[in-house]
Amino acid sequence: MRIKNVAEWLEYSAQRFPDKVAFSDGVSSMTFAELREAARRIASELARRGHFKRPVMIKLGKEPRAIAAFLGCAYSGNFYTPMDLDAPAEREEKIKSMLHPAEIISAENIEEFLHVEMDENLLEEARRRQIDADLLYVLFTSGSTGMPKGVAVQHRGVIDYIENVVETFGFDENTVHGQAVPIFFDSSILPIYTTLRCGGRDYLIPKKTLMFAVKTVDFLNEHKCNAIYWVPTSYNIIAKSRIFDKRIPQYVNKCLFVGEVMTGKVLNVWRRALPDAMYANLMGPTECTDTYLYYIVDREIKEDEAVPVGRTYDNVDVLILNEEDQLCGIGEKGELCVRGSKVSSGYYNDWEKTRTAYVQNPLNKAYPEMIYRTGDLGYVNERGEIIFAGRKDFQIKHSGHRIELGEIESVAGSVNGIDMCACIYDKEIEQILMFYCGSLDESAVKKELKDLLPPYMVPGKIEKRMSMPRTGSGKIDRTALHLCQISKT
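The structure displayed is predicted, hence computed values, not measured ones.

Asker: Could you give an account of the overall build of the protein, with specific residues and numbers?
Answerer: For the protein, the helix and strand inventory stands at 16 helices and 25 strands. Over its C-alpha atoms the protein spans a radius of gyration of 23 Å, differing by no more than 12% from the 23 Å that the globule rule assigns to 489 residues. The principal-axis extents of the C-alpha atoms in the protein amount to approximately 70 × 60 × 45 Å. By residue count, 58% of the 489 residues in the protein fall in the buried class. Relative to all contacts within the protein whose residues are 6 or more apart in sequence, the contacts with residues 24 or more apart total 68%. Total accessible area computed for the protein in this model is approximately 21500 Å², and 48% of it derives from carbon and sulfur atoms. Each charge class in the protein was averaged separately, 62 positive and 70 negative side chains, and the resulting centres sit 1 Å apart.

Written out as structure tokens, the structure reads:
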């Protein structure tokens, strides 16, 4: 199906399944027909106000009306930025200053958009003027300077991505997603837009449900969710809860994970509970339309082994470049650089950061060809699989050695009695710090790590915690850990 705007997927699914529930948060829901009508009403009002190719800020929670607002922007030829409702006021103001939104759609005013008359002429005019290179959304990620970065993603990037994952993982009209991630994170793109593309269903799991392993599994079973796409920390929380001794998510047959390293220890807990499910590791930044690498687990993974990140989707190319910008050989570690239609347009209203990360392909001297420098390190193993080897910004120089903090975390995560862990480096005291949750005490962890790591990689300080701070997407929040350490010193 060749399209130029993601709203065309909704048109197709609304024709096939008009009365089927498309999105539900457990309280409210919208069928495909209702979603189409709501989106087109919102689009009509945006067009009536004269907006085209303008940013629209969406301040709604994880609910069906938010999806309608996204699609209203798409129908009208505008693009959206979803906001975290719990974000500090300072961050929101920074985003507004960069975005200059034409409209802000929120819980306070969305009904104004939903109860206007549709204007088919305006919608048709907007459709005629659109191309697949137009922006669909701008998602703001954290910036190293404290200023958020707005990643500008085009329709064609999402179209290419969704067509790839549908083919790769077999999503169809029978797919029922259990979406854990908030709608302001890029990993929400997969469940939302595969649902629109295939005519499936997406249950937006409430935040209060996700706080408890039992409630999460019960939610998946109650709504017969058969596909999940979560960060490994979320898988780990359920694995360590031992809920599988009592009940399992009995309908789940696709387990996809993204955003962090998935260890064999956690993966194998799930594989024992759901031996017939597909397990897949996905990897990629917001700048590459969610993910560009995937690995469908097709062999046994050792407890102390990190799951490979595998291979590229169709129409994506990865260059692994060394410090001299030359291609790395087998087993040689380098930076993962991406080219193809999934690479985003750059950072919204920030040319300086864009020029730093989106650069000319150094292997091509003949014509302009942009690649994105991900900052991720990796190498190709003897099986031809790409292995993630940490972040450039997680790479430190300590005691004269270049060290990947991710390697320490991977080794520590394989130790029985450690449920989850994270490492940071304190430059002030020149010390590696490790925080963990688990049953072992600090001295036992230190002893285990001395047997598994070279002396220069053993953390100088190890701290046991009852819980780990987490970001909105469920990842371990290393920034919060670092701030906690600073407050102690």
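Asker: Any chance you could break down the pairing of strand β19 (residues 370-380) for me, citing the residues and the numbers?
Answerer: Bridge analysis of strand β16 (residues 334-340) against β19 gives four bridges, and the strand direction is antiparallel. Paired with E335 across the bridge in β19 is L377. Here strand β18 (residues 358-360) pairs with β19 via three bridges, running antiparallel. Along β19, the bridge assignment pairs Y358 with Y372.

Asker: Go over the layout of surface pockets with me, naming the residues and quoting the values.
Answerer: What the second largest pocket holds in volume is close to 390 Å³. What lines the second largest pocket is a set of 17 residues, among which A239, K240, R242, V269 and D419 lie closest to the centre. When residues of the lining of the second largest pocket are traced back to their parent elements, those giving at least two are α11 (232-241), α12 (264-273) and β23 (418-426). Each residue belonging to the lining of the second largest pocket can be placed in one class, and the counts come to six nonpolar, five polar and six charged.

Asker: Mind laying out the packing of helix α7 (residues 155-169) against helix α8 (residues 189-198), listing which residues take part and the relevant values?
Answerer: The N-to-C vectors of α7 and α8 enclose an angle of 80 degrees; their axes lie 10 Å apart at closest approach. Taken together, the axes of α7 and α8 are roughly perpendicular relative to one another. Contacts between α7 and α8 involve V158, Y161, I162, E163, V165 and V166 from the first element and I189, L190, Y193, T194, R197 and C198 from the second. When the residues that make up the contact of α7 with α8 are grouped by side-chain class, the tally is nine nonpolar, one polar and two charged.

Asker: Provide a residue-level description of α8, including the pertinent values.
Answerer: Within α8, 10 of the 10 residues are buried, which leaves it mostly tucked inside the rest of the structure. Where α8 is concerned, the buried positions are I189, L190, P191, I192, Y193, T194, T195, L196, R197 and C198. Directly beyond the C-terminal end of α8, a positive phi value near 80 degrees is found at G199.

Asker: How would you explain the packing of aromatic side chains if you had to name every residue and give the values?
Answerer: One pass over the full model with this rule turns up 16 aromatic pairs. Considering the side-chain rings of F70 and Y80, the 4.0 Å spacing of their centres and the 5 degrees angle between planes classify their relative orientation as stacked. Of this pair, F70 sits in helix α3 (residues 64-76) while Y80 sits in strand β4 (residues 79-82), and the two are 10 residues apart along the sequence. With respect to burial, F70 and Y80 carry one shared label: buried. Consider the rings of Y347 and Y358, whose centres lie 5.5 Å apart with planes at 80 degrees: the pair is edge-to-face. Taken together, the residues span a long stretch of sequence, with Y347 in strand β17 (residues 346-347) and Y358 in strand β18 at a distance of 11 residues. Through a chain of ring-to-ring contacts, the aromatic side chains of Y161, F169, F171, Y294 and Y313 assemble into a single cluster. Looking at K20, its charged tip hangs above the ring of F17, at a distance of 5.0 Å from the centre. The aromatic ring of F52 is capped on one face by R129, whose charged end is 3.9 Å from the ring centroid.

Asker: How would you sum up unusual backbone geometry? Please name residues and give values.
Answerer: Positive phi is not limited to glycine here, since K53 has a value of about 55 degrees. On the basis of relative accessibility, which here comes to 49%, the residue K53 falls in the partly exposed class. Within the chain, D325 stands out as a residue other than glycine whose phi angle is a positive 60 degrees.

Asker: How would you summarise the nonpolar core if you had to cite specific residues and measurements?
Answerer: Nonpolar side chains tend toward joint burial in soluble globular proteins. Ranked by size, the top nonpolar core spans 80 residues in total, and within it V158, Y193 and L282 carry the most contacts. The leading source of residues in this core is α3, at nine residues. Apart from the residues within four sequence positions on either side, Y193 is in contact with V6, W9, F70, Y80, L136, V158 and I162.

Asker: Break down the sheet that holds strand β25 (residues 461-464) for me, citing the residues and quoting the values.
Answerer: What the three strands build is an open sheet, ordered β23-β24-β25; its pairing is mixed. Of all the strands in the sheet, just β23 and β25 have a single pairing partner and so form its edges. Each strand axis lies, on average, 20 degrees off the axis of its neighbour in the sheet, ignoring direction. Sheet analysis places strand β24 (residues 431-438) next to β25, joined by four bridges and oriented parallel. Each bridged residue has a counterpart across the sheet, and for L433 the counterpart in β25 is K461. Relative to the sheet, helix α14 (residues 405-413) contacts β23 and β24, its axis offset from that of β23 by approximately 155 degrees.

Asker: Account for the pairing of strand β20 (residues 386-391), naming residues and giving values.
Answerer: When β19 meets β20, the two strands line up antiparallel, connected through four bridges. Pairing of G378 across the sheet is with F388, part of β20.

Reading the values: the criteria
Residues numbered from 1 in each chain as written. Predicted model: local features only at pLDDT ≥ 70, side-chain atom pairs only at ≥ 80, totals over all residues. Heavy atoms only, no water. Helix = DSSP H or I, 4+ residues; strand = E, 2+ residues; numbered from the N terminus. Rg over C-alpha atoms; globule rule 2.2 N^0.38 Å. Buried < 20%, exposed > 50% of the residue type's maximum accessible area, 1.4 Å probe, protein only. Contact = heavy atoms within 4.5 Å. Areas by Shrake-Rupley, 256 points an atom, 1.4 Å probe, with all protein chains shown as cover. Lys, Arg positive; Asp, Glu negative; His and termini not counted. Charge placed at Lys NZ, Arg CZ, Asp CG, Glu CD. Pairing = 2+ DSSP bridges. 1 Å grid on protein atoms, 1.4 Å probe; cavity = no way out; pocket = protein on both sides within 12 Å on 5 of 7 lines; lining within 4 Å. Points joined across faces, edges and corners; volume = space filled by probe spheres on them. Nonpolar A, V, L, I, M, F, W, Y, C, P; charged D, E, K, R; others polar. Axes fitted to C-alpha atoms, helices over the stretch in contact; angles between N-to-C directions. Parallel < 35°, antiparallel > 145°, perpendicular 65-115°, else oblique. Phe/Tyr/Trp six-rings, centres within 6.5 Å; stacked < 30°, edge-to-face > 60°. Lys NZ or Arg CZ within 6 Å of the ring centre and 35° of its normal. Core = buried A, V, L, I, M, F, W, Y, C linked by side-chain atoms within 4.5 Å.

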